[in-house]
Amino acid sequence: MNSRIGLIASNTFREAVRDRVLYNLIAFALLMSGAAILVGQISIDIERLVVINLGLTAVSLFGIVIAIFIGIGLVSKEIERRTLYTVLSRPVRRWEFIAGKFMGLAGTLVVNTFFMAIGVFGALLYVSHHFQAPDRWLLVALYFIVLQFLIITSLALFFSSFSSPLMSAVFAFALFVIGTFAEDLRGFAGMASGVARWLATGAAYLVPNFSALNVISSVAHQQPVSGQLILYNTAYALIYTTMALCGAVLIFERRNLK
Amino acid sequence: MRASRQTTLIASILLVACLGGSVLLLRGLDRVRSGATLEEVLYVPSPQALKRMSLGYDGLLADIYWTRAVQYFGTKFHSGAEHYDLLAPLLEITTNLDPHLIVAYQYGGNFLAPKPPHGAGMPQRAIQLMEYGIRNNPEDWHLYYQLGFIYYMDLKDYEDAADAFARGSRVPNAHPWLKLLSGYMAERAGDINTARMMWTTTFETTYDKSIKANAAAHLRALEVDEDVTKLEGAVARYKERIGHLPSSFGDLAAAGMLRGTPRDPLGNLYKLTSDGRVELQSPDDFPFVEKGTPPGYVPPKVPKFLPTD
Amino acid sequence: MTAIEILGLEKIYNVGFWRKRPKCALRPLHMQVEEGEIFGFLGPNGAGKTTTLKMLMGLVFPTSGSARILGMETNDPRMKAQIGFLPEQPYFYDYLTARELLEYYAGLSGVPAKERSRRSQEMLERVGLHDAGGLQLRKFSKGMLQRVGIAQAILHEPKVVFFDEPMSGLDPMGRREVRDLMDQLRQEGKTVFFCTHILSDAEALCDRVAIIHLGELRGVGSVADLTSSVQNRVELIWQGPSVPSSLRALGAEPHVAGSTVRAILLEANQDAAIEALRRERLRLISVVPVRTSLEDYFVQKLKPAESVAGGRQ
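Residues numbered from 1 in each chain as written. Chains lettered and ligands numbered in written order. Predicted model: local features only at pLDDT ≥ 70, side-chain atom pairs only at ≥ 80, totals over all residues. Heavy atoms only, no water.

> Help me out: how do you make sense of the overall build of chain C in this one?
Helix and strand counts for chain C come out as eleven helices and 14 strands. Relative to its 313 residues, chain C shows a buried fraction of 51%. Considering only residue pairs separated by 6 or more positions, chain C has 67% of its internal contacts joining residues 24 or more positions apart. When the accessible area of chain C is evaluated, it comes to approximately 14400 Å², of which 48% is carbon and sulfur surface. Positive and negative charge centroids in chain C, built from 40 and 37 side chains respectively, lie 5 Å apart. (Helix = DSSP H or I, 4+ residues; strand = E, 2+ residues; numbered from the N terminus. Buried < 20%, exposed > 50% of the residue type's maximum accessible area, 1.4 Å probe, protein only. Contact = heavy atoms within 4.5 Å. Areas by Shrake-Rupley, 256 points an atom, 1.4 Å probe, with all protein chains shown as cover. Lys, Arg positive; Asp, Glu negative; His and termini not counted. Charge placed at Lys NZ, Arg CZ, Asp CG, Glu CD.)

This is how it looks when you write it as structure tokens:
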């Protein structure tokens, strides 16, 4: 079983690479270098701030875009192109297929983030000439960003299992935006009343909480991240991802592949 | 030939379990992070920068920040806070994104200036906020009113208050009382009825529940102050006439100095102490009162907005 | 042992967005395929062949009924390790090379890692693609894709192989190669189940066929059994170019080629036709019996049903 999931995962990774997804790293590298050089000319004190804010935000956004654009096609493209027929006629269980696709894309994103992290640290080194102790919190911020990727990937995969690529992209992107304001949604729900309150509260709990996973500004201001937060976020991301993948499996199990 | 039953079962159970787990974790995250989103307000370089970053969606962002401001103040208030550092930045960002969100100015006018725990204790910033509002909404009398209110209530600067009210009264469709209030500042500044007029205006001209509740609490406090003054005056007259303090309100009534049994605005009876003081049954229900509390009374750490709190 | 057992497999689709109308793609089908035979599943386009095949592969869920392959359920991974499938007009991951695809599929089918590369190369040679192993599939022609499709279907030595239109996209040489390959598979003791609408292929290869039309099974048996139920025909050739009107009346459709005329008639009308030619003093060149083909079976047996059902859906 594991070898099949591994095969599917590595094949998905290979597809992403050959689809020239990793070329986004070039764009990212250019962005970071340009920013670092530009910022180095402005006043002291804020160049670290700008590099960290810009760098981490770019890592996050680039990755979310990749996650969505590849994720939405993971299942629907295979069904549309009928490449799935010859895979599922083999001793591959449908849930193994979902799991493998997820791992492949998640792996792609981790590799992508790794290279981007090098870029961010490189730019940081350039503008401030040496690392400071609080810089290690950058790693935590990057880790949280990877957790965000896991969630978005699982959601894109979920939508891909039953809806067209276009609609999946719309839903996934919408959930990303709403998820960024998830805590505010809970605030709104608190101020509403009646049916609207129940609906809003339900939605607020269902939507992925991306605001908790975004520590970019505080890390940029050299604030540490509490160990408790790391623990909670890790558990939350893993549980949410599992939830979305279970949804994808349940739907895909039943799908007639016309 | 159907979808595998085993997979369906496991996936369903796992899904429900994860759903429950995620809800619990969200609550946990709330606890761990409490207010972290809000603290990021301090990291915003300036309201103008945020407006530029909002890519044109200022209205929505203004609403979000407004919600955060209300939640921030409400949550902190109910947990007995000593300071509300983020209220000013939150309101400034809100009004910068949407300069026409009048309720935000009203909120600032009511809760930025007063001293903690009833407010952030930043009257100067409140004044700046009102002036900003007036610049952006010169035809809206509420803002002039709010400005005068701050000068009167929190700074006791009756000259500037009169000036603000006067400016406001010249705006078309201004509340008719603005002109009156402007005049009262000169002579009747300390008059209880002036204060009462102000709080009534505030109560009647806003939609925000917190502002209304706050104004109502103030009005009740004024009533208590008035009642206690009158009652203690009657007690003093009794003592003068009869020679000793009355033992109860019944004595006052018998001497024709009181009609009926005196009750506070919430319907409870006033107490008459052995040394002739009139006191409330439950002073905790009446924040803002200056009279009617026992000696050495310390208001609760968590004040009440509403009697039901 | 029975390689494939189909027990009342049925598929009804609900078509339409608001008011779902049921559309029957396959009426309850009962069929059996024995081990070691080449079995043809024939019918015009839209008859229900691919639907049946997809249900056997577990890609589509039947409305009712069940099937067993090699005695096991259709979602049993142990069974799937022993079958191969070539879908119609297959399409593969075009960013992979042929060799990578075969190695990937070999892994999914449970071929041990050390064997994969060797098997893939073997298969490529077997289907005539030994030079194209390193080429990306996006550069493959239709015929080459078809060959890759066959390769991936047999590379894990399955006991039962399912082909859907295996000859499509191939030139005559290619078709011959595929026919030879299917024969080889039979000699190796494998069972071959293939769908096609090209009857001549089926006639040449199959031990038994089943004919399906408009979702319904219209006949099962060996080719000889089926065609024996059809009326025989003869071919007349005479010196033309004139064609007696009486011959046309006998249902002949004469074909003029230079100075000779050729016509095909039912054997029953043979004597009447020869008589007509003699009356017109036309010289008869030959009278040859025509081998009845499956096509005749189709035309004779299915056409009336078509007009009864009001044509194709």
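> For this particular structure, what's the right way to read the overall build of chain B?
Each helix and strand in chain B was counted, giving 13 helices and two strands. Taken over C-alpha atoms, the radius of gyration comes to 26 Å for chain B, far larger than the 19 Å a tight globule of 309 residues would show. Taken over the C-alpha atoms alone, chain B extends approximately 100 × 55 × 35 Å along its principal axes. Buried residues in chain B amount to 51% of all 309 residues. (Rg over C-alpha atoms; globule rule 2.2 N^0.38 Å.)

> What is the right way to look at the side chain of Ser76(A) in this model?
All names here are of chain A. By secondary structure assignment, the location of Ser76 is in helix H4 (residues 73–81). Judged by its relative accessible area of 10%, Ser76 falls in the buried class. Discounting residues that sit within four places of it in the chain, Ser76 has contacts with Ser160, Ser163 and Pro165.

> Hey, could you run me through the packing of aromatic side chains in this one?
One pair of aromatic rings is described through two measures. These are the centre distance and the angle between the planes. Following the criterion strictly, the structure yields 29 aromatic pairs over all chains and no others. These aromatic residues form a ring-pair network of at least three members: Trp66(B), Phe73(B), Phe77(B), Tyr84(B), Tyr107(B) and Phe111(B). A cation over an aromatic ring shows up here: Arg94(A) above the ring of Phe252(A), its NZ or CZ 5.5 Å from the ring centre. The lysine or arginine in question, Lys212(B), covers the ring of Phe203(B), its NZ or CZ lying 4.9 Å from the ring centre. (Phe/Tyr/Trp six-rings, centres within 6.5 Å; stacked < 30°, edge-to-face > 60°. Lys NZ or Arg CZ within 6 Å of the ring centre and 35° of its normal.)

> Can you walk me through the pairing of strand E7 (residues 160–164) of chain C in this structure?
Every regular strand shows the same layout, with side chains that alternate between the two sheet faces. Residue and element names in this part refer to chain C. With respect to burial, E7 is a largely interior element, five of its five residues being buried. Both faces of E7 are covered, namely the face carrying Val160, Phe162 and Asp164 and the face carrying Val161 and Phe163. Two strands pair when backbone bridges link them, and strand E6 (residues 83–86) and E7 are joined in this way by four bridges, in the parallel orientation. Considered in E7, the bridge of Ile83 is made with Val160. (Pairing = 2+ DSSP bridges.)

> Just checking my understanding: could you explain the interface of chain C and chain A for this structure?
Quite often, the size of an interface is put as the accessible area lost when its parts meet. On the side of chain A, 27 residues touch chain C, which itself brings 34 residues to the contact. For the pair chain C and chain A, the summed buried surface comes to about 2900 Å²; carbon and sulfur atoms form 55% of the total. The three residues of chain C that bury the most area against chain A are Leu59(C), Tyr95(C) and Leu108(C), which together make up 24% of that side's buried surface. Counting the contacts that link chain C with chain A gives two salt bridges. Between Glu100(C) and Arg18(A) there is a salt bridge, with its nearest N and O atoms 2.7 Å apart. In terms of residue count, helix H3 (residues 98–108) of chain C provides more of the side of chain C that touches chain A than any other element does, five residues in total. Looking at the side of chain C that touches chain A residue by residue, the class counts come to 19 nonpolar, eight polar and seven charged. (Buried area = accessible area lost by both parts, 1.4 Å probe. Salt bridge = Lys/Arg side-chain N within 4 Å of Asp/Glu carboxyl O. Nonpolar A, V, L, I, M, F, W, Y, C, P; charged D, E, K, R; others polar.)

> How should I be thinking about the packing of helix H9 (residues 182–191) of chain A against helix H4 (residues 58–78) of chain B in this particular structure?
A pair of packed helices is characterised by two quantities: the angle between their axes and the separation of those axes. For the pair H9(A) and H4(B), interaxial distance at closest approach is 10 Å and the crossing angle is 65°. Between H9(A) and H4(B), the angle is such that the two are roughly perpendicular. H4(B) is crossed by H9(A), and the crossing has left-handed handedness. Facing Asp184(A), Gly187(A), Phe188(A) and Met191(A) of H9(A), the residues of H4(B) in contact are Asp63(B), Ile64(B), Thr67(B), Arg68(B), Val70(B) and Gln71(B). For the contact of H9(A) with H4(B), the residue count by class is four nonpolar, three polar and three charged. (Axes fitted to C-alpha atoms, helices over the stretch in contact; angles between N-to-C directions. Parallel < 35°, antiparallel > 145°, perpendicular 65-115°, else oblique. Left-handed = near helix turned anticlockwise from the far one by under 90°.)

> What am I meant to see in the environment of Ala263(C) here?
Here Ala263(C) lies in strand E13 (residues 260–266). Residue classification places Ala263(C) among the buried positions, given a relative accessible area of 2%.

> Help me understand helix H6 (residues 172–187) of chain C, please; the structure alone is not making it clear to me.
For an α-helix the count is 3.6 residues per turn, leaving residues at separations of three or four pointing the same way. All names here are of chain C. For H6, which comprises 16 residues, the first-to-last C-alpha distance of 23 Å matches the rise-based estimate of 22 Å (1.5 Å per residue) to within 8%. Residues of H6 that are buried in the fold lie against strand E3 (38–42), helix H4 (113–126), helix H5 (142–154), E7, strand E8 (191–196) and helix H7 (199–205). Positioned one or two residues after H6, Gly189 has a phi angle of 90°, which is positive. (Expected span 1.5 Å × (residues − 1).)

> Looking at this structure, I do not really get the sheet that holds strand E5 (residues 72–73) of chain C. What am I missing?
Sheets are built from strands paired through backbone hydrogen bonds, the pairs being either parallel or antiparallel. Residues and elements named next belong to chain C. Taken together, the four strands give an open sheet; going across it, the order is E2-E1-E4-E5, and neighbouring strands pair in antiparallel fashion. Two strands close off the open sheet at either side, each with one partner strand: strand E2 (21–34) and E5. The sheet strands contacting helix H1 (residues 49–57) are strand E1 (2–15), E2 and strand E4 (64–69), and the helix crosses E1 at an angle near 115°.

> Help me out: how do you make sense of the side chain of Asp227(B) in this one?
Relative to the helices and strands, Asp227(B) resides in helix H12 (residues 209–242). The buried charged residue Asp227(B) lacks any salt bridge, with Lys230(B) as its nearest oppositely charged partner at 4.8 Å.

> Is there a simple way to think about the sheet that holds strand E9 (residues 208–213) of chain C in this case?
Residues and elements named next belong to chain C. Judged by pairing direction, the sheet is mixed, and its six strands sit side by side in the order E6-E7-E8-E3-E9-E10 without closing on themselves. Every other strand in the sheet has two partners, leaving E6 and strand E10 (216–221) as the edge strands with one partner each. On average, adjacent strands in this sheet sit at an angle of 15° to one another, irrespective of strand direction. Here E9 runs beside E10; their pairing, made up of five bridges, is antiparallel. In the strand pairing of E10, Ile211 is matched with Gly219. Sheet strands in contact with H1 are E3, E6, E7, E8 and E9, and its direction is about 145° off that of E7. Sheet strands in contact with H5 are E6 and E7, and its direction is about 165° off that of E6.

> Could you clarify how one ought to interpret the nonpolar core in this entry?
Grouped together as the largest cluster of nonpolar side chains are 172 residues, with contacts concentrated most on Phe162(C), Phe163(C) and Phe193(C). With 16 residues, helix H7 (residues 136–160) of chain A is the largest single contributor of residues to this core. Excluding residues that lie within four positions of it along the chain, Phe163(C) makes contacts with Leu53(C), Leu86(C), Ile150(C), Ala153(C), Met182(C), Leu185(C), Val192(C), Phe193(C), Phe194(C) and Cys195(C). Within the second largest apolar cluster, 67 residues are counted, among which are Ile134(B), Tyr184(B), Ala189(B) and Ala215(B). (Core = buried A, V, L, I, M, F, W, Y, C linked by side-chain atoms within 4.5 Å.)

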